Amino acid sequence: MVVLKSPKEIEKIHASNQIVAKILSVLESEVKPGVNTLYLDKLAEDLARENGAKPAFKGYRGFPYSLCASVNEAVVHGFPSKRALKEGDILSMDFGVLFGGYYGDSALTVGVGKVSKSARRLMNFTEQALYKGIEKAVVNGRLSDISHAVQKHVEDAGFSVVRIFVGHGIGSSLHEDPQIPNFGKPGMGIHLKTGMTIAVEPMVNEKGYEVEILEDGWTAVTKDGGLSAHFEHTIAITNNGPAILSARDGSR
Ligand code: MG
Ligand code: MG
């Protein structure tokens, strides 16, 4: 069941997402060769608590950390570790909080120091695909218009979209209906309505779309070892178009 939110509820979801946005900006500024992701995880958790928020992922279905830190061929749900990041790595950071009864959820992929041209291109296209999807999140549009816009942008660039993970509704639960695949034909699925709050989150692989889960039970990696990138925003569908609640520049 899709839960529509009132303007007041959307304000609360915005507040929660702005905490996420601020923290992701701080984390981004800390990413450099020699830093480890366990440090970033602790920083994220400390900053959330300083803001009166609770890290949303820690303990979620048993996930042991506050931050999902996925390096290079890791797609999503990577465990933070003591291993130092090195020049040329790419790091996907997915973070969420619960604040005032509502969830925030956002992700980005950043380069560690100087990265290869192909890694930069993968990150750029993944972020662009997120915005292509968001553009389709309009009243009277269809759910799969978002999916299709993401897939088209990614595949036109020669990359592939991960199939087994999806975007999702978000609100007083971290994951609500509807599920939002990053692929599909346009014009299908539910009609989009004012008051829907959703997390759009393309996961894009340099090569094939297949992934496998490591023995830790969480970390998803590309099957062929190619790089993977992930960008996510929580948005609200409004009469004035999509509002990006987790925008890191304060706009929406
Ligand atoms: Mg997320
Ligand atoms: Mg999400």
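Look up a bit, the structure's there.
Residues numbered from 1 in each chain as written. Chains lettered and ligands numbered in written order. Predicted model: local features only at pLDDT ≥ 70, side-chain atom pairs only at ≥ 80, totals over all residues. Heavy atoms only, no water.

(A) Geometry of the environment of Val-97. As for its placement among the helices and strands, Val-97 is situated in strand β4 (residues 90–99). Remark: the alpha-carbon pair of Val-97 and Pro-80, spanning 17 residues in sequence, is separated by 17 Å. Leave out the neighbours within four places in its chain, and Val-97 touches Ser-16, Ile-19, Val-20, Ala-48, Ala-53, Lys-54, Pro-55, Ala-56, Tyr-102, Tyr-103 and Gly-104. (Helix = DSSP H or I, 4+ residues; strand = E, 2+ residues; numbered from the N terminus. Contact = heavy atoms within 4.5 Å.)

(B) Expanded view of the sheet that holds strand β6 (residues 160–161). Within the open sheet, the 3 strands sit side by side as β6-β10-β13. Their pairing is antiparallel. At either end of the open sheet lies a strand with only one pairing partner, and these are β6 and β13 (228–230). Of the pairings in the sheet, the one linking strand β10 (residues 203–205) to β13 comprises 3 bridges and is antiparallel in character. Across the sheet, residue Asn-205 finds its bridge partner in β13, namely Ser-228. (Pairing = 2+ DSSP bridges.)

(C) Here's a closer look at the packing of helix α1 (residues 7–30) against helix α2 (residues 37–50). In contact at an axis separation of 10 Å, α1 and α2 are set at 150 degrees when each is read in the N-to-C sense. What the angle tells us is that α1 and α2 run roughly antiparallel. Judged by the sense of rotation from one axis to the other, the crossing of α1 with α2 is right-handed. Between α1 and α2, the residues in contact are Ile-23, Val-26, Leu-27 and Glu-30 and Tyr-39, Leu-40, Leu-43, Ala-44, Leu-47 and Ala-48, respectively. (Axes fitted to C-alpha atoms, helices over the stretch in contact; angles between N-to-C directions. Parallel < 35°, antiparallel > 145°, perpendicular 65-115°, else oblique. Left-handed = near helix turned anticlockwise from the far one by under 90°.)

Note that all results are geometric; they support no functional claim without further evidence.
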